[in-house]
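Descriptive analysis of the structure
Listed below are the residues making up each chain.
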Amino acid sequence: MSVRQRLYPDPGQLVGLRKHADDARFVFNLGLEQRSFWRREKHTRGTHAEHGSLDATPITLGTQMRELVQLRAALPWLWAGSSSVQQGALRDLDQAFANFYAGRAKYPAFKRRDDRAGGFVVRDIFVRRLNRRWGTVTVPKIGRVRFRITRSWADITQATSARVTLRNGRWHIAFTTPPAERTLSGTGAAVGIDRGVRNTLATSDGRMIQAPSLTKVEQARFLRLEQRLARQSRKDGGSRRRQVTLDQLAVLRRRLADRRTDWIEQTTTHFASTYDQVAVEDLRVRNMVRRPAAKPDPAQPGVFLSNGARAKAVLNRSILASLWGRFLTRLEHKMGSARVARVNPRNTSRTCAACGHCAPGNRESQAVFECEACGHQGHADTNAAAVILGRALDSISAAGHAVPGRRSPALAGSANQSDP
Ligand SMILES: [Zn+2]
């Protein structure tokens, strides 16, 4: 679990933070280049190179750590930086490769200057509380940097490591704590959740929950700025006006991001304290069975098409996709992954939750479900959520785990309830 707080460095500290981030990126990229080179060589010549300069010894975190020592001795500017920060970058790289080999992630990519995943790691945490709202964290070579306390101080003091990041011109520190104590609802209740575009979340007990978005006025402004940016980028770039447009867009993005983060925290807390078991679609499978979302104009990356409605749809889809991922991550933090079941998403929208009959004709419209076999009627998203729950309960009982007090999903009373 991670607790993110905003840093308020003074101007001198700002220089130091940038230096750490630059050093970490340099070391990460250099280490990645080394590992990639070694892999290519291994492929072309086989593991046991008989001649040439290739050393057949694999590159590991250990070998790279030793080489970092030599590199620091050779480069004064690197020597001037923090060895702990630079070692952290190699650990990051090692973790990125571990994730890649385990099939959890793509091949590691080089970090760019504006990379969101950039920043650096602080390994030993020393925090101090100044007053109710302010605390400091000790950053190597920089000293105590102030941050604003918006989360539980206990969570922050339990942190075992932290990552400093720069995003949208703001510095943050994310304190990583050991997994939080699971919220146990003790209600014995189970719920299925379907995600959609019209209703962000629909539950099997009939609730529709909307994620916050930009207001109509903000959305219109966002699209105008996007279009302005597209025009500005066609002229020779780097102009001050273009920077102003980028800043204005960043303000809107930040506002939306803050609203979404609050929403995710509140909603996941609600689910964790209300239900013992939550069922969702397995995204990894879902991406294979559902048509991929339409993409923005490939001829002009990042530029939305002139059609306002289409642009809005594209905007909403990309926002919802990332929202859902973060929602699930936080839900698993709070409930534990065993209580969040992921089920096969195939045909969840065409299957009847009451009788199991599956046919394309079941779905009368986007919003209404009516079963051709048994006549069961309901909101289409509620029905899909109930199917998801049913699949989870089936697989749990098939796996031999006792599921006390859980019957098939109750559809009674599923109509017309809305989110309080
Ligand atoms: Zn039916």
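These lines cover the structure that appears in this document, whether it is placed above or below.

So, on to the sheet that holds strand 12 (residues 340–343). Taken in spatial order, the 5 strands make up an open sheet running 10-9-8-11-12, and their pairing is mixed. Strand pairing shows two members of the sheet lacking a second neighbour, strand 10 (208–209) and strand 12, which therefore form its edges. Looking at chain direction, strand 8 (residues 190–195) and strand 9 (residues 201–203) are connected through 3 bridges and run antiparallel. The residue of strand 9 that forms the bridge with D194 is A202. On top of the sheet, helix 7 (residues 240–274) reaches strand 8, strand 9 and strand 10; it is set at about 10° to strand 9, its chief contact. Across the face of the sheet, helix 10 (residues 380–398) comes into contact with strand 8, strand 9, strand 10, strand 11 (277–281) and strand 12 while running at roughly 130° to strand 8.

On to the pairing of strand 11, then. With 5 of 5 residues buried, strand 11 is to be regarded as a mostly interior element. As paired strands, strand 8 and strand 11 are joined by 3 bridges and run parallel to one another. Bridge pairing in strand 11 links V191 to V278. When strand 11 meets strand 12, the two strands line up parallel, connected through 4 bridges. For E281, the partnering residue across the bridge sits in strand 12 and is V343.

Looking now at helix 2 (residues 61–74). For helix 2, built from 14 residues, the straight-helix expectation of 20 Å at 1.5 Å per residue is met to within 8% by its first-to-last C-alpha distance of 20 Å. Listed as buried for helix 2 are T63, Q64, M65, L68 and R72. By the N-cap criterion, in which a side-chain oxygen at the helix start approaches the backbone nitrogen of a residue two or three places on, helix 2 is capped by T60, the distance to G62 being 3.2 Å.

On to the coordination of the zinc ion, then. At the metal site, the zinc ion is ligated by C352 (SG), C355 (SG), C371 (SG) and C374 (SG), and these contacts range over 2.2 to 2.4 Å. Each of the 4 donor atoms around the zinc ion contributes to a set of angles spanning 106 to 113°, which defines the coordination as tetrahedral. Sequence spacing of the donors to the zinc ion: C-x2-C-x15-C-x2-C. In this pair, C355 sits in the loop between strand 12 and strand 13 (368–370) while C374 sits in the loop between strand 13 and strand 14 (377–379), placing the two residues 19 residues apart along the sequence. Residue classification places C355 among the partly exposed positions, given a relative accessible area of 39%. Since its relative accessible area comes to 41%, C374 is described here as partly exposed.

Once that is clear, we can look at the packing of aromatic side chains. Applying the stated criterion across every chain yields a total of 12 aromatic pairs. Taken together, a centroid distance of 5.4 Å and an interplanar angle of 55° make the contact between F147 and F175 tilted. Of this pair, F147 sits in strand 5 (residues 143–148) while F175 sits in strand 7 (residues 170–176), and the two are 28 residues apart along the sequence. There is no split in this pair, since F147 and F175 are both buried. A connected cluster of aromatic rings, assembled from ring pairs, spans W263, F271, Y275, W324 and F327. The ring of F28 carries the charged tip of K111 above its face, separated from the ring centre by 4.4 Å.

Rules used throughout
Residues numbered from 1 in each chain as written. Predicted model: local features only at pLDDT ≥ 70, side-chain atom pairs only at ≥ 80, totals over all residues. Heavy atoms only, no water. Pairing = 2+ DSSP bridges. Helix = DSSP H or I, 4+ residues; strand = E, 2+ residues; numbered from the N terminus. Contact = heavy atoms within 4.5 Å. Axes fitted to C-alpha atoms, helices over the stretch in contact; angles between N-to-C directions. Buried < 20%, exposed > 50% of the residue type's maximum accessible area, 1.4 Å probe, protein only. Expected span 1.5 Å × (residues − 1). Polar contact = N/O pair within 3.5 Å; in protein donor to acceptor, adjacent residues only side chain to side chain. Donors = N, O, S within 2.8 Å, 3.2 Å for Na, K, Ca; no water. Tetrahedral: all angles 85-135°; square planar, octahedral: opposite > 155°, others 65-115°. Phe/Tyr/Trp six-rings, centres within 6.5 Å; stacked < 30°, edge-to-face > 60°. Lys NZ or Arg CZ within 6 Å of the ring centre and 35° of its normal.

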